[in-house]
Amino acid sequence: MLGDDHPDTLSARTNLAQALYAVGRTDDALTAYEAVLADRQRVLGDDHPHTLATRNNLAAALGRKPFIRADADKVGRNDPCHCGSGKKFKRCHG
């Protein structure tokens, strides 16, 4: 058995996070990415390429997390975009 801190185990956990994200389980994927990132930082260090790749994967998943409006109003294509860019929704996220 390789153990929880073995690099291959950490890679398998990263693969699991990627699979969770791919099937739409974003919250579970984010939790998995955060846990494996903490362990990679502890075991491999902050500057190790695998740690940096995991940090990048977490950032990408966070950036793609669906935006949920506080109100239930539907956004029109000519309304300002919800992201705050100042562009029309159709030119930004539409």
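Everything below is about the structure shown above.
Treat the numbers as computed from the prediction; the structure is a model and nothing was measured. (Residues numbered from 1 in each chain as written. Predicted model: local features only at pLDDT ≥ 70, side-chain atom pairs only at ≥ 80, totals over all residues. Heavy atoms only, no water.)

## A short note on helix H2 (residues 26-44)
Because the α-helix completes a turn every 3.6 residues, residues three or four places apart line up on one side.
Step number 1: Look at H2: 26 Å from first C-alpha to last across 19 residues, which is about the 27 Å you get at 1.5 Å a residue.
Step number 2: Of the surrounding elements, those touching the buried residues of H2 are helix H1 (7-22) and helix H3 (49-63).
Step number 3: Looking one or two residues beyond H2, the residue adopting positive phi is glycine 45, at roughly 100°. (Helix = DSSP H or I, 4+ residues; strand = E, 2+ residues; numbered from the N terminus. Expected span 1.5 Å × (residues − 1). Contact = heavy atoms within 4.5 Å.)

## Regarding the side chain of aspartate 39
Step number 1: As for its placement among the helices and strands, aspartate 39 is situated in helix H2.
Step number 2: The residues contacting aspartate 39, other than those within four sequence positions of it, are Leu10 and Arg13.

## A word on the packing of H1 against H2
Step number 1: Running from amino to carboxyl end, H1 crosses H2 at an angle of 160°, the nearest separation of the two axes being 8 Å. On the basis of the axis angle, H1 is roughly antiparallel to H2. Relative to H2, H1 is oriented so that their crossing is left-handed. Seen from H1, the contacting residues are Leu10, Ser11, Arg13, Thr14, Ala17, Gln18, Leu20 and Tyr21; seen from H2, they are Thr26, Asp28, Ala29, Ala32, Tyr33, Ala35, Val36, Asp39, Arg40 and Val43. (Axes fitted to C-alpha atoms, helices over the stretch in contact; angles between N-to-C directions. Parallel < 35°, antiparallel > 145°, perpendicular 65-115°, else oblique. Left-handed = near helix turned anticlockwise from the far one by under 90°.)

## A word on H1
Step number 1: Along its 16 residues, H1 runs 23 Å from first to last C-alpha, staying within 8% of the 22 Å computed at 1.5 Å per residue.
Step number 2: Of all the residues in H1, the buried ones are Leu10, Thr14, Ala17 and Leu20. Angularly, the buried residues of H1 cover 120° about the axis, an arc narrow enough to put them on a single face.
Step number 3: Looking at the packing, one finds that the buried side of H1 touches H2 and H3.
Step number 4: Of the residues one or two after H1, glycine 24 is the one with positive phi, at around 90°. (Buried < 20%, exposed > 50% of the residue type's maximum accessible area, 1.4 Å probe, protein only. Arc of directions from axis to C-beta.)

## Quick notes on a positive patch on the surface
Step number 1: On the surface, Arg77, Lys88, Lys90 and Arg91 cluster together to form a positively charged patch.
Step number 2: Relative accessible area serves as the criterion here: at 43%, lysine 88 is assigned to the partly exposed category. (Patch = residues over 30% accessible without salt bridge, like charges linked within 9 Å, V, L, I, M, F, W, Y side chains within 5 Å. Areas by Shrake-Rupley, 256 points an atom, 1.4 Å probe, with all protein chains shown as cover. Salt bridge = Lys/Arg side-chain N within 4 Å of Asp/Glu carboxyl O. Lys, Arg positive; Asp, Glu negative; His and termini not counted. Charge placed at Lys NZ, Arg CZ, Asp CG, Glu CD.)

## Notes on the environment of glutamate 34
Step number 1: By the element assignment, glutamate 34 lies in helix H2.
Step number 2: Here the alpha-carbon distance between glutamate 34 and threonine 14, two residues 20 residues apart in the chain, equals 9.9 Å.

## Here's the deal with the nonpolar core
Step number 1: Listed in full, the nine residues of the largest apolar core are Ala17, Leu20, Ala29, Leu30, Ala32, Tyr33, Leu37, Leu58 and Ala61.
Step number 2: Looking at this core, the elements with two or more residues in it are H1, H2 and H3.
Step number 3: Considering every element that reaches this core, the biggest residue donor is H2, with five residues.
Step number 4: Not counting residues within four places of it along the chain, the set of residues in contact with alanine 32 comprises Ala17 and Leu20. (Core = buried A, V, L, I, M, F, W, Y, C linked by side-chain atoms within 4.5 Å.)

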